[in-house]
Structure formats: structure tokens, C-alpha cells
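# Summary of structural features
These are the residues of each chain, in order.
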Amino acid sequence: MKKLILASRNEHKIQELRETLADLDIELKSALDFKELQEVEEDKLTLEGNALKKARYVFEKTGLPTLADDTGLEVDALDGRPGVFSARYAGEDASYQDNTDKLLAELAKVDNKDRLAQFRTVVAFIDENGEKHFFEGICRGKILKEERGDKGFGYDPVFQPEGYEETFAQLDSEEKNNISHRGRAIQKFYDWLQNAMRDE
Ligand code: IMP
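Here's what I pulled together on the structure shown here.

Scanning the chain from N- to C-terminus turns up 5 helices and 7 strands. Beginning at the N terminus, the succession of helices and strands in the chain can be written as β-α-β-α-β-β-α-β-β-β-α-α. Here the C-alpha radius of gyration of the chain, 17 Å, is about what a compact globule of 200 residues would show, namely 16 Å. Projected onto the principal axes, the alpha-carbon positions of the chain cover approximately 55 × 30 × 25 Å. In the chain, which comprises 200 residues, the proportion classed as buried is 46%. Taking all contacts inside the chain whose residues are at least 6 apart in sequence as the whole, residues at least 24 apart take part in 57%. Within the chain, one finds 30 positive and 43 negative side-chain charges whose respective centroids are separated by 3 Å.

Okay, structure coming up:
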């Protein structure tokens, strides 16, 4: 059985990855299992940079293959902002609500047809030889003018994925994970890992 570490303490992310990898011969660990690991500052200017920084730190501390992710909301009318700064868009200690309020305020004068956006997740994986691999997942949609729904987190109440009448905050988590940026990035990682394990 191969051991992998997810460089995260987020229970939802750990569970989602565990479910995706369930039929592979993998023992999934997380940052929760290694008390000596510190919090990594996400100070890079790209999603790739932050994901790689987190994965590399845990790989160097443990010597085990590690994956980490970073996500941003990229709004077309804002030239891709808030992007890598999505978590602290309205300031260092901003809440999800602060960030959503700021987004709606910035887009207040933008017409419906110009409110296109995407969530983008980058998963960085460092394999047992220390080599890096990236997997990207994108979910396109649009930013509504008002919040709808109370599920999920972050910008979910104002993000309506393409092809849906509901926002992410109105979808069940299983439905969201099937089409979400993070779900898609993790699925790409799964496909790659399944192939890599077959060739071993
Ligand atoms: P993280 O890299 O997963 O921590 O995501 C960074 C930030 O992007 C979060 O703090 C949220 O504001 C936002 N975000 C990430 N994923 C989602 C999502 O699925 N829905 C809504 N917001 C998200």
C-alpha cells in the first residue's frame, strides 16, 4: 500500500480526497497526522506557487509523496482578480461575507452578461522522487447580483456554475463536487495516479 499525504488540515478536503481515491491501494494521511508540521504562509503570487510551496514543505519534513491545493476565484471583468488573493480579498482577516460583499460592490455596475468568472484549483503533487506534477481544475460560471442558498462556503452563494440555475450554495455537496474546480483537479490527479500505479 502506497502512503500519500494531503498537506491540509481541512476535514472537508481530506474527506473529499479520501472518497475520490477510495478504490486505489492508498493510505491517505493528512497534516492532522503529523503534529510537527507548521502552518505554511501562502505568500506566492500564483496558485501553482502556493500549492507547490505547501506540498514541498510537507514532503521535505516527512519524505512521503505529498499533494496540496490552492484555489482562486477569477472574475473576467476584474482581469482575473481576486485570484490567488481570494481568501483575503477584503483584508487579512476578512470573513467569507466580507469578501462576498466586496465582490458584489466591485461588480455593482457590471451588466449580467459581463459577470463571467471561474474558480480555478491547482493541485501540486511531489512524488517519492521529489518530482513535481500539477493538475488543474476549472469551473466556469457567473457572479450573481445577490446571494442565493446557504450551503457550501466562501463565494458559493453568488457563484452560478455554467449550465445550472442554482448557485453552488444551493447544490448538495455531492452535486457540487462532481462539477467543481477542486473536484475536477482531484479527478485528474486520480486518473494520473491510477495510471502511474498500474505502470509500477
Ligand atoms: P483554498 O485555496 O481552498 O483555501 O481557497 C482559497 C479561497 O478561495 C477560500 O478562502 C474561498 O474564499 C475561495 N474558495 C475556494 N474554493 C471555493 C469554493 O468551492 N466555493 C467558494 N469559494 C471558494
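With that settled, the discussion passes to the packing of helix H1 (residues 11-20) against helix H5 (residues 181-199). Look at H1 against H5: their axes get within 10 Å of each other, and the N-to-C directions meet at 40°. On the basis of the axis angle, H1 is oblique to H5. Crossing of H1 over H5 shows right-handed handedness. Together, Lys 13, Glu 16, Leu 17 and Thr 20 of H1 and Arg 182, Gly 183, Ile 186, Gln 187 and Tyr 190 of H5 make up the contact between the two elements. Residues that form the contact of H1 with H5 fall into these classes: 3 nonpolar, 3 polar and 3 charged.

What follows deals with the pattern of salt bridges. All told, the structure shown has 15 salt bridges when counted by the stated rule. The shortest N-O distance in the salt bridge between Arg 81 and Glu 106 comes to 3.2 Å. Placement of Arg 81 in the loop between strand S3 (66-75) and strand S4 (82-83) and of Glu 106 in helix H3 (residues 96-106) is noted, with a sequence separation of 25 residues between them. Note on Arg 81: relative accessible area 38%, which makes it partly exposed. In this structure, Arg 120 and Glu 136 form a salt bridge, with 2.9 Å as the shortest nitrogen-oxygen distance. Residue Arg 120 is located in strand S5 (residues 116-126), and its partner Glu 136 is located in strand S6 (residues 132-143); the two are separated by 16 residues in the primary sequence. What makes Arg 120 buried here is its relative accessible area of 14%. Through salt bridges with shared partners, a single ionic network connects Glu 48, Glu 74, Arg 120 and Glu 136.

In this structure, Leu 73, Val 75, Leu 103, Ile 143 and Phe 159 are the most contacted members of the largest nonpolar core, which totals 18 residues. Ignoring any residue separated from it by four or fewer positions in sequence, one finds Leu 103 in contact with Leu 73, Val 75, Leu 78, Tyr 89, Ile 143, Tyr 155 and Val 158. Within the second largest apolar cluster, 17 residues are counted, among which are Leu 6, Leu 24, Ile 186 and Leu 193.

With that settled, consider the site of the ligand. Around the ligand lies a shell of 14 residues, among which Lys 13, Asp 70, Thr 71, Asp 156 and Lys 176 are the nearest. The separation between an oxygen atom of the ligand and a polar side-chain atom of Lys 13 is 2.8 Å. His 181 places a side-chain nitrogen or oxygen 3.0 Å from an oxygen atom of the ligand. A total of 470 Å² of accessible area belongs to the ligand in isolation, and the protein chains cover 90% of it. Every element with two or more residues in the shell around the ligand is listed here: S3 and H5.

Conventions used here
- Within each chain, residues carry numbers counting from 1 in the order of the written sequence.
- Thresholds applied to this predicted model are a pLDDT of at least 70 for local features of residues and 80 or more for the giving and counting of side-chain atom pairs; totals over whole chains, interfaces and linings are not thresholded and use all residues.
- The basis for every side-chain value is the complete set of heavy atoms in the structure, and neither hydrogens nor water enter the calculation.
- Starting at the N terminus, helices and strands are each numbered in turn, a helix being any DSSP run of H or I of at least four residues and a strand any DSSP run of E of at least two.
- Between the two quantities, the radius of gyration covers C-alpha atoms and the globule rule is 2.2 Å times the number of residues to the power 0.38.
- Whether a residue is buried, partly exposed or exposed follows from its accessible area with a 1.4 Å probe, protein chains only, as a fraction of its type maximum: under 20%, in between, or over 50%, in that order.
- Residue contacts are defined here by distance: any two heavy atoms, one from each residue, within 4.5 Å place the two residues in contact.
- The charge count includes Lys and Arg as positive and Asp and Glu as negative, but it does not include His or the ends of the chains.
- Charge positions are represented by NZ for Lys, CZ for Arg, CG for Asp and CD for Glu.
- Structural elements are reduced to axes, namely lines fitted to C-alpha atoms, with helices fitted over the stretch in contact, and the angle between N-to-C directions of any two is expressed from 0 to 180 degrees.
- The cut-offs work like this: below 35 degrees is roughly parallel, past 145 is roughly antiparallel, 65 to 115 is roughly perpendicular, and the gaps in between are oblique.
- Crossing handedness is defined as follows: a turn of the near helix away from the far one that is anticlockwise and smaller than a right angle gives a left-handed crossing, while the clockwise case is right-handed.
- Residue polarity is assigned by list, with Asp, Glu, Lys and Arg as charged and Ala, Val, Leu, Ile, Met, Phe, Trp, Tyr, Cys and Pro as nonpolar; anything else, Gly included, falls into the polar class.
- For this analysis, a salt bridge means a side-chain nitrogen from Lys or Arg found within 4 Å of a carboxyl oxygen belonging to Asp or Glu.
- Buried residues of nine kinds, namely Ala, Val, Leu, Ile, Met, Phe, Trp, Tyr and Cys, make up a nonpolar core once their side-chain atoms join them within 4.5 Å.
- In these notes, residues near a molecule or strand are those with any non-hydrogen atom within 4 Å of it.
- Whenever a nitrogen or oxygen atom comes within 3.5 Å of another N or O atom, the pair is scored as a polar contact, on the condition that within protein one atom can donate a hydrogen and the other can accept it, and that pairs from neighbouring residues in sequence are kept only if both atoms are in side chains.
- Areas reported as accessible are Shrake-Rupley estimates using a 1.4 Å probe. Residue values count occlusion only from the protein chains shown.

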